[in-house]
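Notes for the structure review
Here is how the chains run, residue by residue.
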Amino acid sequence: MEYNTQRTKLIIPEYGRYIQALVNHCLNIENDEDRNKFARSIIKVMGDLNPHLRDIPDFQHKLWDQLFIMSEFKLKVDSPYPIISKAEIQIPPKKMEYPKNESKFRYYGTNIKKMIEVAKTWEEGDRKEGLKYVIANQMKKNYLKWNKDQVEDSVIFSHLEEMSEGNLKSTEGDPLMTVINSNNTNTISNNSKNRNRNNRNNNFKNKVNYSKKNSK
């Protein structure tokens, strides 16, 4: 018995050993016209493995690139796309910069920061004051998503003032909306369900006992 571990390692395992065998056979075809025809047949079979993508131009380009990769860049055929080289695929991808977010108020989210930046550019007046309360209300909702306890409005406004670098200061006005903590709601709901279930069980037991007494 021959195990896969004893076989030649596949270059692109997703296509399996049969596709790799076809590519290896294509390399040994001496006639240029026959080799090109056979290569196009391989591309068609590779596309059949992904029927929902095979007619997309970019996907066709990807198939041809993969064909050359599986041939270890030894295949000499006429490609409708620029032929990829070994050096190109060995170029490491650009390193992605990690988001530099050192804020201690990360639980408020990025959208709150963007809203604050917009509010800072507005002139003082009722319009800016209204936006400040909109931001503060959303901050309160976000705060309670990550914290089980209720929070005072003064805490939210102090955070808003700090995040806006003193531009959106707290003033005496209407209180923020009352937010019901979902964790507490779930607990209350579960307790209510348990009480109802216990009441139904007790009622059933009482009916059974009553029927037994009457039968005697």
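Preceding this section is the structure that the text describes.
The text that follows walks through the structure, step by step, so that each part is easy to find. Position labels on residues start from 1 in each chain and follow its written sequence. With the structure being a predicted model, the display of local features is reserved for residues of pLDDT at least 70 and the display and counting of side-chain atom pairs for 80 or more, all residues being used for whole-chain, interface and lining totals. As a convention, hydrogens and water are excluded, and side-chain values are obtained from all of the structure's heavy atoms.

1. Comments concerning unusual backbone geometry
The test is simple: By definition, any uninterrupted DSSP run of H or I lasting at least four residues is a helix, any uninterrupted run of E lasting at least two residues is a strand, and each is numbered from the N terminus.
Positive phi, close to 55 degrees, is recorded for Glu 72, a residue that is not glycine. Topologically, Glu 72 is positioned in the loop between α3 (57–70) and α4 (86–89).

2. Examining the nonpolar core
Our working rule: By convention a nonpolar core is built from buried Ala, Val, Leu, Ile, Met, Phe, Trp, Tyr and Cys residues, the set being connected through side-chain atoms within 4.5 Å. Under the scheme applied here, a residue whose accessible area is under 20% of the maximum for its type counts as buried, over 50% as exposed, and between as partly exposed, the area being computed with a 1.4 Å probe on protein chains only. Any two residues whose heavy atoms approach within 4.5 Å at even a single point are treated as in contact.
Judged by nonpolar contacts, the single largest core of 19 residues is most densely connected at Tyr 108, Ile 135, Met 139, Ile 156 and Leu 160. Sorting the residues of this core by element identifies α5 (110–120), α6 (126–146) and α7 (153–163) as the ones contributing at least two each. Here this core takes seven residues from α6, the largest share from any one element. If sequence neighbours within four positions are ignored, Met 139 has contacts with Tyr 108, Ile 112, Ile 156, His 159, Leu 160 and Met 163. Ile 19, Cys 26, Phe 68 and Leu 75 belong to the second largest nonpolar core, which has 18 residues in total.

3. Here's the deal with the pattern of salt bridges
Rules: Every case where a carboxyl oxygen of Asp or Glu lies within 4 Å of a side-chain nitrogen of Lys or Arg is listed as a salt bridge.
Considering all chains together, one arrives at eight salt bridges under this definition. Across the pair Arg 35 and Asp 32 runs a salt bridge, and its minimum N-O distance is 2.9 Å. In this pair, Arg 35 and Asp 32 both sit in helix α2 (residues 32–48), three residues apart, roughly one turn of the helix. Under the relative-accessibility criterion, Arg 35 is labelled buried at 10%. Residue classification places Asp 32 among the partly exposed residues on the basis of a relative accessible area of 49%.

4. Comments concerning the packing of aromatic side chains
Stated precisely, the cut-off is as follows: Pairing of aromatic rings covers Phe, Tyr and Trp, the last counted by its six-membered ring, and requires centre-to-centre distances within 6.5 Å; plane angles under 30 degrees mean stacked, over 60 mean edge-to-face, and any other angle means tilted. Any Lys NZ or Arg CZ that is within 6 Å of a ring centre and within 35 degrees of that ring's normal is treated as a charge sitting over the ring.
Overall, the coordinates contain seven aromatic pairs when judged by the stated rule. Ring centres of Trp 64 and Phe 68 lie 6.4 Å apart, and the angle between their planes is 35 degrees; this geometry places the pair in the tilted category. Highlighted residues: Trp 64 and Phe 68, both in helix α3, separated by four residues, approximately one helical turn. Judged by relative accessible area, Trp 64 falls into the buried class, the value being 5%. Between Tyr 108 and Tyr 143, the aromatic rings sit 6.5 Å apart at their centres with planes inclined by 35 degrees, giving tilted as the arrangement. With Tyr 108 in the loop between α4 and α5 and Tyr 143 in helix α6, this pair connects stretches of sequence that are 35 residues apart. We note that Tyr 108, like Tyr 143, is buried. Through a chain of ring-to-ring contacts, the aromatic side chains of Phe 105, Tyr 107, Tyr 108 and Tyr 143 assemble into a single cluster. Above the plane of the ring of Trp 122 lies Arg 127, whose end atom (NZ or CZ) is 3.7 Å from the centre.

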